[in-house]
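Listed here are the chains, written in short residue letters.
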Amino acid sequence: MRVNRCTVFLLILTLTAGGCAINNKTFGTRNKAFEEGQLLIQSGELELGLLRLEQAAQEEPNNKEIRTVLIRQRDIVADTMLFDANNARLSGDLDLAEEQYYRILDLFPRNERALAGLDTIRQERNHIASVEYAQELLKRNDVEGAEAAVRTVLQENPMQANARELIKQINQQIVRAESTDLTLETAFKKPLSMEFKDTELKSVFEIMSRTAGVNFVFDKDVRQEAKVSVFVRNNTVEDILKLLLMTNQLAYTRLNENSLLIYPNTPAKQKEYQELVVRSFQIAYTDVKQMVAMVRGLVKAKDIYVNEQLNLFIMRDTLEAIRVVERLVSLNDLPEPEVMLEVTILSITRDNIFQLGPRLPQSTTFSFVPGTGTAVGAAADAAVKLSQIDSLPKFRNFTISNQVLIDFMHNLTLGDVLANPRIRVKNREAAKFHIGTRQPIFSASVAGGGVSNVITSTPTYIDVGTKLDIEPIISSNNEVMMKVQLEVSSIVGEESGPGGATAPIITTTNAETLLTLQDGETEVLAGLLEESENRDVRGLAGLINIPGLDRLTSGQGTTRRKREVVLLITPRIIRNVSQQTNLESEFHFGTSNEAGKLPVRIRKTSAGGLALAPAGPPGRGGAASLLSRGAQALSPTRPQVSPNPFAQQTAANVGEPTLSIQAPSNIALDREFSVRVRMVGARASVSGEAQVSYETDMLELLDSSENSGTHTIKFGKDQPTGMAAQLRFKVITANPGETEINVQSATGEDTESGESVEITLPSPATIKIQ
């Protein structure tokens, strides 16, 4: 018998140990790598902790707990590392952000967000290099080149901080930044005095062509025999040309650096000659439909396509109109203001219950059965028959309670309900708080007829607790106007209805107001007070009304209730609309027919500075007489007119010609870029050529079929490119490094005198390839 008991005990012990082992294996993982991985992740060593979890998953591939924790921790680690990398990138530490993105890719090789972050860093570095290049151009007073470089950056990233700051500085120096200039490589910017009366238009253009070195090509419908009268002193050829075109309903298009095509300014000719530009505008914050409606109303754009899915629109119009739309979009596509609402809601409840005095018997009970208490108790004890009444020893039996209670109770109840929510909300959007419960109210319905009726009940939920609705309106002076609606409710009992249905009794406190607060100012909304007092006196009839005995023979109860709601609200503006300067909010628009058209201006002329040229003898005219009058008008011997700088260029030395080379300082791998070589300080009659060298193992010249390492460029008024040349290169090297583009030699000749001209060579342009 003892052996059997020992055997049973050992069997029970074995089963218990096995059950514990099964229980541990099922509900608790005892994997060392699993526990270490979780501890490492909690301590901040994300990569090592994740590797330990993956080791645990490899050791126990069928363990669901390890697999579930590993999947969850992978997402948490990826989100944490991406958050740190994005913060580093937004703060401007691109090297740290790049390192963190590569750390993410080591753990998650196909993480799209990390790959997109690296692309954004590369683009940001290119943008920074372009902005630095624009700053160098601005230091050299090349405002137009700096503007073009900055606009390229803003087209790719409208929120680039350095580019936005630099474009503000550029706009302060450019009066008409919404359009490009003629940028002719001639003496087009030097002052000139012209006096013509009733002169044919073609003759005026002929003199301007000879004087300024500009080629004019006329459309067949231009009325060249039209008479014009011009009396302008000390103004540039460009301004005079625009004035002539505007007054004769003509327009121009640029053929090259020193050639213009003149055509009638009519809708039909504009369709033939006016160059159009296609530009896509990515809208970041505003609804694209609202932006397009503004553009169509103000600019009268020719063609616009809207892509609502990408929130962008594509516009086809003139370059001047595109420039105007760029400024309109930059002024209106701004992030909406946001405010953080810090709310404190305090519900204070105070109950004071006081009972004092004797509680005397206030009733007596008659029973047919002696010895029983109440009639209800007698009925419960026994049923009395009428035949038994005569046999009772006493016909009547009165009972009364033999106890007297004395109350001296005093209860105090203090209740405080505090809610302290914080929520971030956009401008003119409603923020809603609800802290409490949703109380069901059942409504019954009967379906069917006769005996088999089906009763169904449907719950309807109502919100009970604290409800707060706030709609903020953020003004430009950091004030927040808020529409506040507060409701505090609670259930105090139930009310019975027909058919045994019950419904809760809800007490509410409501407040609605409109207030204006400064940023960080706290407003207290108090005084929502509910106070009640109930008095209860119990005693014997008659004695309660006798003075002196009422205190001794009666009990008194007093219940005082006090309830108050206090609301504290503090708005803190997270982001507000930046104040626009006068230059940003008001700029040149153009005319009603042509948005962005350049304004026509001439310089102020001193009084008496103009004089009519003497008319020639009757019957004499033609080009010869006109040229003589033009020469007389431009002659430096006239005391009233300043010397003509173009006539003096043939006699006076204007300086030694110099070549300048402009190239980006930084360029990314496998990217294309342009290099501009320009001759400065040369006469209009000077022509020449230069040899440009580059490294063929790093760069490829796209403008030439042979990638030999050298290329010849030519200058001169007879060349299509005038006094400037532009070369397009592509980076072909696979490794980062530095390369140079150098002008090895240059020769020049004056075509009028046949003399050779020495040309100063520029310093090599160094380009850093990243």
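Rules used in this analysis
- The numbers attached to residues start from 1 for each chain and follow its sequence in the written order.
- Where local features are concerned, this predicted model is filtered to residues with pLDDT of at least 70; where side-chain atom pairs are given and counted, the filter is 80 or more; whole-chain, interface and lining totals use all residues.
- Side-chain figures throughout are based on the complete set of non-hydrogen atoms in the structure, without hydrogens or water.
- A run of H or I in DSSP counts as a helix once it spans at least four residues, and a run of E counts as a strand once it spans at least two, with each numbered from the N terminus.
- For each residue, the accessible area found with a 1.4 Å probe, counting protein chains only, is set against the maximum for its type, and the residue is called buried under 20%, exposed over 50%, and partly exposed in between.
- Note on definitions: a residue-residue contact is assigned when non-hydrogen atoms from the two residues lie within 4.5 Å.
- The accessible surface values rely on the Shrake-Rupley method and a 1.4 Å probe; as for residues, cover is taken only from the protein chains in view.
- Of the two site types, the cavity is a set of points on a 1 Å grid over the protein atoms alone where a 1.4 Å probe fits but cannot get out, and the pocket is an open set with protein on both sides within 12 Å along at least five of seven lines, each lined by residues with an atom within 4 Å of a point.
- Grid points are joined across faces, edges and corners, and a volume is the space filled by probe spheres set on the points.
- Three classes are used: nonpolar for Ala, Val, Leu, Ile, Met, Phe, Trp, Tyr, Cys and Pro, charged for Asp, Glu, Lys and Arg, and polar for all others, with Gly counted as polar.
- Pairing between two strands is assigned when DSSP locates at least 2 bridges connecting them.
- Where helices are involved, their axes are fitted lines through C-alpha atoms of the stretch in contact, as for all axes, and angles between N-to-C directions lie from 0 to 180°.
- Any two of the Phe, Tyr and Trp rings considered here, Trp counted by its six-membered ring, make a pair once their centres fall within 6.5 Å; the pair's planes then place it as stacked at under 30 degrees, edge-to-face at over 60, or tilted in between.

Caption draft 1: Examining the overall build of the protein chain more closely. Secondary structure summary: the protein chain contains 18 helices and 29 strands in total. Looking at the protein chain as a whole, 36% of its 770 residues are labelled buried. Contacts spanning at least 24 positions in sequence make up 70% of the contacts within the protein chain whose residues lie at least 6 apart. Per element, the accessible surface of the protein chain, about 45,500 Å² overall, is 52% carbon and sulfur.

Caption draft 2: Region of the structure containing empty space enclosed by the protein. Applying the stated criterion across every chain, the model contains one cavity of 30 Å³ or more. Lining the largest cavity, in full, are Val-484, Leu-515, Glu-523, Val-524, Leu-525, Leu-567 and Ile-569. Those elements that provide at least two residues to the lining of the largest cavity are strand 18 (523-539) and strand 19 (554-575). Among the elements that make up the lining of the largest cavity, the one with the highest residue count is strand 18 (three residues). A class-by-class count of the residues in the lining of the largest cavity yields six nonpolar, no polar and one charged.

Caption draft 3: Layout of the sheet that holds strand 2 (residues 215-218). Pairing in this open sheet of three strands is mixed, and the strands run 2-5-4 from one edge to the other. Bordering the open sheet on either side are strand 2 and strand 4 (250-256), each of which pairs with just one other strand. Here the strands of the sheet are splayed against their neighbours by 30° on average, with no regard to which way each runs. Bridge count for strand 4 against strand 5 (residues 259-264) is six bridges, and the pairing is antiparallel. Bridged to Asn-256 within strand 5 is Ser-259. Each of strand 2, strand 4 and strand 5 is contacted by helix 10 (residues 237-247), which is oriented at about 135° to strand 4, the strand it contacts most.

Caption draft 4: The arrangement of the pairing of strand 27 (residues 737-750) in detail. As paired strands, strand 23 (residues 686-693) and strand 27 are joined by eight bridges and run antiparallel to one another. Bridge pairing in strand 27 links Val-686 to Asp-750. Of the strand pairs in this sheet, strand 27 and strand 29 (residues 765-769) are connected by five bridges, and their pairing is antiparallel. Counterpart to Glu-740 in the pairing with strand 29 is Thr-766. Here two bridges tie strand 27 to strand 28 (residues 756-757), and the two strands are oriented antiparallel to one another.

Caption draft 5: Expanded view of the packing of aromatic side chains. In the structure shown here, the tally under the stated rule is six aromatic pairs. Seen in terms of ring centroids, Phe-205 and Phe-218 are 5.2 Å apart; in terms of plane orientation they differ by 80°. Their pairing is edge-to-face. With a gap of 13 residues between them, Phe-205 in helix 9 (residues 201-212) and Phe-218 in strand 2 connect regions that are remote in the sequence. Judged by relative accessible area, Phe-218 falls into the partly exposed class, the value being 23%. An aromatic cluster of at least three residues, connected via ring pairs, comprises Phe-205, Phe-216 and Phe-218.

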